[in-house]
Amino acid sequence: MDDPLSRALREDEQNISTNIQNGQSSPPSLVKSSDVVDSDLIENTSSLSISHSHNDWILPSTNERKEEVDINHEQMKVYVNDPKKHKSNLDSFITYLVTTQTYNDSVKINETNVRRRYNDFIWLRNLLDIKYPFNIISILPAKHTLSKKLHVVADDGEFIRRRMIGLQNFLYRILNNPIIAIDPSVQLFLTADDETLHSAQQQALPTSPLTPQMIASNSNPFRQPIGRGKPIPSEFSRTENQIQTLQDNLRKLERLSRKIESDQIAVHTEEKHLLSSFKEWLDIERKYDENDSLIETICNAEQRMVDNQDDLLRSMNTKFVEPMNEYVLFTGIVQDVLKRRAQFSENVTSSNHEDMFDQLTIANETVKADIHRWTEAKDRELIDLFHSMANKKVDFYTQSINVWEQAAANLSSPSNQR
């Protein structure tokens, strides 16, 4: 039995076919006069625009619309930088400068600058998570625990730098969604002054589109669907399995990366001990020979090796291990969205309310579109991540070889022969 949404879409396609057969012109947004009309084109030109309780869901299905979305995304860029500490008698916190630039045909037409603290980002994410329960809302950089906070004090600048990167990634992923990017709350966050934003934060959070009856979990999971209810689409089952497999593989890779990092730290410690020994040796030799270039050359080479290893370990941690851990958490967000959809579907199968089946259709399309968008971004980011780490490793070993080749050349020169 068809639901009203499917009937409406089918009738829309039939109307288009009738108009074409009668020689009537089609709407410009669906068929261009220069296009060749065939059955595949008619099938691919149907689009969906359905009013939701909190926003309008516009799910483009044509290549033309996808290009328009991509262009719109390229017209807005966001940056998080310039951290500043604020201290008071009761609290101390850091604000970040959020710069939003709008472009038109590669020409900047507008720029806004606002200062936001970490709690403002938390407010925005919680709000979006309520308003868009079937969208993948990016994670935020985690708050450090007390033990980490004590460790961070000695390297506060590095912690702030990592947090800025995480906050900028959060905003970038939010703006990558064409629906969420135009949400009034997002625009308020990016452009409003402090007073306006704080006033909005004092208001009660909106009610979730999912009513308590929709999200209740008191139904029997072994009950067969009744009425118009249908089983969970196999595509979502496959997606759940793929996300779980991805998460498991990322966890394995994260553990392997931390093991490699631990081994590199051990090697780095030995190199520093070796450098210390050569420096002591050099100090002793200089008491008898002020121009002992042999030990000095080795000391310089060891110093460069230690510096290169320091740089490699920082890159390994901040540009590979931490992003990998972030993606493990990110897959958890995707799993939560799929669980919401599955729970919603289970509740709908036990109901005969027409509007609930329409909402389930919207939820299914929203989840599919967001997972497709997330998968494309994930593939790009992971490929860049692996390429960046591989290049960093190659650079490290190339520099290490150059260090000792240069040291060997210096030691073999006639001026260094004894």
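Here, every reference points to the structure presented above.
Residues numbered from 1 in each chain as written. Predicted model: local features only at pLDDT ≥ 70, side-chain atom pairs only at ≥ 80, totals over all residues. Heavy atoms only, no water.

(A) How the structure looks around the pairing of strand E3 (residues 76-87). In this structure, E3 lies alongside strand E4 (residues 92-104), joined through 10 bridges in antiparallel fashion. Looking across to E4, one finds that valine 78 is bridged to threonine 100. The antiparallel hairpin formed by E3 and E4 contains 4 residues in its connecting segment. (Pairing = 2+ DSSP bridges. Helix = DSSP H or I, 4+ residues; strand = E, 2+ residues; numbered from the N terminus.)

(B) Layout of helix H7 (residues 184-191). Within H7 the residues assigned to the buried category are Ser185, Val186, Phe189 and Leu190. Down the axis, H7 shows its buried residues gathered within 130 degrees of arc, on one side only. Sitting at the head of H7, aspartate 183 places a side-chain oxygen 2.8 Å from the backbone nitrogen of serine 185. (Buried < 20%, exposed > 50% of the residue type's maximum accessible area, 1.4 Å probe, protein only. Arc of directions from axis to C-beta. Polar contact = N/O pair within 3.5 Å; in protein donor to acceptor, adjacent residues only side chain to side chain.)

(C) Seen up close, the sheet that holds E4. Taken in spatial order, the 3 strands of this open sheet run E3-E4-E5, and their pairing is antiparallel. In this open sheet, the two edge strands, each paired with only one partner strand, are E3 and strand E5 (107-117). Between one strand axis and the next, the sheet turns by 15 degrees as a mean value, whatever way the strands run. Packed onto the sheet, helix H4 (residues 118-131) meets E4 and E5 and runs at close to 105 degrees relative to E5. (Axes fitted to C-alpha atoms, helices over the stretch in contact; angles between N-to-C directions. Contact = heavy atoms within 4.5 Å.)

(D) Quick peek at the pairing of E4. Sheet analysis places E4 next to E5, joined by 10 bridges and oriented antiparallel. Across the sheet, residue tyrosine 103 finds its bridge partner in E5, namely lysine 108. The hairpin turn running from E4 into E5, its antiparallel successor, is 2 residues long, and aspartate 105 in that turn takes a positive phi close to 55 degrees.

(E) Spotlight on the environment of leucine 197. Considering the arrangement of structural elements, one finds leucine 197 in helix H8 (residues 194-202). Taking relative accessible area as the criterion, leucine 197 reaches 1% and is therefore assigned buried. Distance from leucine 197 to arginine 116, taken between C-alpha atoms, is 9.7 Å for residues 81 residues apart in sequence. Beyond its immediate sequence surroundings of up to four residues, leucine 197 is in contact with Arg116, Asp120, Trp123, Leu188, Phe189 and Ala192.

(F) Spotlight on the packing of aromatic side chains. Applying the stated criterion across every chain, the model contains 9 aromatic pairs. Their ring planes at 70 degrees and their centres at 4.9 Å tell us that phenylalanine 121 and phenylalanine 189 sit as a pair that is edge-to-face. You can see phenylalanine 121 sitting in helix H4 and its partner phenylalanine 189 sitting in helix H7, a full 68 residues away along the chain. The buried category is assigned to phenylalanine 189, whose relative accessible area is 0%. Each ring, one from phenylalanine 278 and one from tryptophan 281, has its centre 5.9 Å from the other, and the planes form 15 degrees; the classification is stacked. Within this pair, phenylalanine 278 and its partner tryptophan 281 are both found in helix H10 (residues 234-286), separated by 3 residues, close to a single helical turn. By relative accessible area, phenylalanine 278 is classed as buried at 14%. One cation-aromatic arrangement involves arginine 341 over phenylalanine 236; the distance from NZ or CZ to the ring centre is 4.1 Å. (Phe/Tyr/Trp six-rings, centres within 6.5 Å; stacked < 30°, edge-to-face > 60°. Lys NZ or Arg CZ within 6 Å of the ring centre and 35° of its normal.)

(G) The arrangement of the nonpolar core in detail. Core analysis: the largest hydrophobic core is formed by 32 residues, its most contacted members being Ile136, Phe330, Val334, Leu338, Phe344, Val367 and Trp374. Elements represented by at least two residues in this core include exactly H10, helix H11 (293-349) and helix H12 (354-412). With 14 residues, the single largest contributor to this core is H11. Core analysis: the next-biggest nonpolar cluster, separate from the first, contains 31 residues, Phe121, Ala181, Leu190 and Leu197 among them. (Core = buried A, V, L, I, M, F, W, Y, C linked by side-chain atoms within 4.5 Å.)

(H) Focus on the pattern of salt bridges. All told, the structure shown has 14 salt bridges when counted by the stated rule. Put simply, arginine 162 and glutamate 322 hold a salt bridge, and the shortest N to O gap is 2.6 Å. In this pair, arginine 162 is assigned in helix H6 (residues 156-175) and glutamate 322 in helix H11, connecting sequence segments 160 residues apart. According to the relative accessible area criterion, arginine 162 is partly exposed, its value standing at 30%. In the salt-bridge network here, residues are joined through shared partners; they are Arg173, Glu326 and Glu381. (Salt bridge = Lys/Arg side-chain N within 4 Å of Asp/Glu carboxyl O.)

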